Amino acid sequence: MKTLLNLSVAALILAGGAFLYADDDEHEEHERHASNFIAKPMTKQEKTTVALYQKECGACHFAYQPEFLPKSSWDKTMKSLNNHFGTDATLDPAEHKTIQNYLATHASKYDRMTGMGGEIAIRISETPNFKQEHREIPKKMVTQAEVKSFANCSACHTKSASGSYREREIRIPNYGSWE
Amino acid sequence: MKYLALALLFSTSLMAASPEVVQYMNELSKTAKVENSSFDGFDAARGKEIFTSTHTGKQGKPMACTSCHSTNLSSSGKNTLTGKVIDPLSPRANPQRLTSAKEVKKWLKRNFMDVYAREGSAQEKGDVLTYIMKN
């Protein structure tokens, strides 16, 4: 039974982070996410969709787990792919629709933008929760060549590709663990 | 026999691209002829100029294809904005390149916009593809 449970957790992590591990000291956040995942393996079609998302969006940047932003943010992003942070990231119509649906389905159920004065965030790093989590990180650790910006999750979060952001998995380039 | 030799020559020169990409280039060639009556085939040297020259890009800043892809098509490049590694463009170094017409069309559209702030013409696209195939 334990093996079965482990397997389904692994499948969920592969789903692109339906379950995001929060820092070990933040059980509240941890449980909030835990409460909104459904323990069933991905269908073949879902796997294809995740692969498409990772291929298309991950070609230029880290393929952020959709759970980091609410649907309104993803909709805003998907409407402006012709000028996506200054680059043309347009997709063919069918793939655009598939990815938009994937993001909408897996988006955060929480607003995540409280305190932003009604602004709809398109950068995860603009959201109050992100800022709170990263407030102690010195700027030079983020701007160094190996990281470049807060957009590059995997530069420090070694398991981020599988949706895990535990504090003990952090390795900051030219610095090391974050204790 | 002569035709066979010709066909062989033709296929050898285009070996660096898959049949669907070759077909796409044939379509580009037809369009280029319509758009420019003096068009006389794609040219790798023109493609190199398109690929390596600097222009005012979509962000209003100087930009070249080589800003991300580097000047050596056989080596990896790096997205200047995100730092993400880009696999080599040369089909010799990276057999996945020039295998899907859909991928080729998508990236030519996007990257002409990024570097030239406009879409490329059929001739320009064909010239760049020819340059990539020969490197």
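All of these numbers come straight from a predicted model, not from anything done at the bench.

Rules used throughout
Numbering of residues starts from 1 in every chain and runs along the sequence as written. Both sets of labels track the order of writing: A upward for chains, 1 upward for ligands. Where totals are concerned, whole chains, interfaces and linings use all residues; where local detail is concerned, this predicted model gives features only for residues with pLDDT of at least 70, and gives and counts side-chain atom pairs only at 80 or more. Remark: hydrogens and water are excluded; side-chain values derive from all non-hydrogen atoms of the structure. Helix numbering and strand numbering both begin at the N terminus, where a helix is a DSSP run of H or I of at least 4 residues and a strand a DSSP run of E of at least 2. Buried residues are those whose accessible area, probed at 1.4 Å on protein chains only, stays under 20% of the maximum for their type, while exposed residues exceed 50% and partly exposed ones sit between those limits. Residues count as neighbours in contact if any of their non-hydrogen atoms are within 4.5 Å of one another. Only the protein chains shown count as cover for residues, with accessible areas throughout obtained via the Shrake-Rupley method and a probe of 1.4 Å. Pairing of aromatic side chains requires ring centres within 6.5 Å, counting the rings of Phe and Tyr and the six-membered ring of Trp. Pairs whose planes differ by under 30 degrees are stacked, by over 60 edge-to-face, and all others tilted. Two conditions define a charge located above a ring, namely a distance within 6 Å from the ring centre to NZ of Lys or CZ of Arg, and an angle within 35 degrees of the ring normal. As used in this structure description, the phrase polar contact means that two N or O atoms lie within 3.5 Å; if the pair is within protein, one of them must be able to donate a hydrogen and the other to accept it, and residues adjacent in sequence are counted only when both atoms belong to side chains. Expected helix span is taken as 1.5 Å per residue step, with the number of steps being one fewer than the number of residues. A pair is scored as a salt bridge if a Lys or Arg side-chain nitrogen falls within 4 Å of a carboxyl oxygen belonging to Asp or Glu. Values labelled buried area give the accessible surface lost by two parts on being combined, using a 1.4 Å probe and summing over both.

Draft legend 1. Main features of the overall build of chain A. Per the secondary structure count, chain A includes seven helices and two strands. Counted from the first residue to the last, chain A has its helices and strands arranged as α-α-α-α-α-α-α-β-β. Counting every position in chain A, which comprises 179 residues, the buried fraction comes to 42%. Here the analysis covers contacts within chain A between residues at least 6 apart in sequence; of these, 62% occur between residues at least 24 apart. Total accessible area on chain A stands at roughly 10,300 Å², and carbon and sulfur atoms take up 57% of it.

Draft legend 2. Up close: the packing of aromatic side chains. Following the criterion strictly, the structure yields eight aromatic pairs over all chains and no others. Each ring, one from F130(A) and one from F150(A), has its centre 5.1 Å from the other, and the planes form 80 degrees; the classification is edge-to-face. Residue F130(A) is found in helix α6 (residues 128-133), and its partner F150(A) is found in the loop between α7 (139-143) and β1 (171-172); the two are separated by 20 residues along the sequence. For F150(A), a relative accessible area of 32% translates into the label partly exposed. Over the aromatic face of W107(B) sits the side chain of R110(B), whose NZ or CZ is 4.6 Å from the ring centroid.

Draft legend 3. Molecular detail of the side chain of Q65(A). Residues and elements named next belong to chain A. Take Q65: it is sitting in the loop between α3 (44-58) and α4 (71-79). Under the relative-accessibility criterion, Q65 is labelled buried at 1%. A polar contact is formed between the side chain of Q65 and the backbone oxygen of S160, at a distance of 2.8 Å.

Draft legend 4. Region of interest: helix α6 (residues 122-133) of chain B. All names here are of chain B. If you check α6, its first and last C-alpha atoms are 16 Å apart, about what twelve residues at 1.5 Å a residue would give, namely 16 Å. With twelve of twelve residues buried, α6 lies mostly within the body of the structure. Every buried residue of α6 is accounted for by A122, Q123, E124, K125, G126, D127, V128, L129, T130, Y131, I132 and M133.

Draft legend 5. Looking closely at the pattern of salt bridges. Inspection of the entire model under this criterion finds 13 salt bridges over all chains. The partner of K102(B) in a salt bridge is D92(A), and the shortest N-O contact between them spans 3.1 Å. Placement of K102(B) in helix α5 (residues 101-116) and of D92(A) in the loop between α4 and α5 (93-106) is noted, with the two residues assigned to different chains. Using a relative accessible area of 42% as the deciding quantity, one classes K102(B) as partly exposed.

Draft legend 6. Representation of the interface of chain A and chain B. With 19 residues of chain A at the interface, the matching set in chain B holds 16 residues. For the pair chain A and chain B, the summed buried area comes to about 1,500 Å², and 44% of that belongs to carbon and sulfur atoms. It is C60(A), D88(A) and K148(A) that lose the most area in chain A upon contact with chain B, and together they represent 36% of the buried surface on that side. Here chain A is connected to chain B by five salt bridges. For the pair chain A and chain B, the number of links is 14 residue pairs in polar contact (both at pLDDT 80 or more). When residues in the side of chain A that touches chain B are grouped by element, the largest group, three residues, is from α3(A).

Draft legend 7. Inspection of unusual backbone geometry at higher detail. Residues and elements named next belong to chain B. Even without being a glycine, S70 presents a positive backbone phi close to 65 degrees. Its location among the elements puts S70 in the loop between α4 (65-69) and β3 (77-78). At A117, a position not held by glycine, the phi torsion is positive, near 55 degrees. Among the structural elements, A117 can be located in the loop between α5 and α6.

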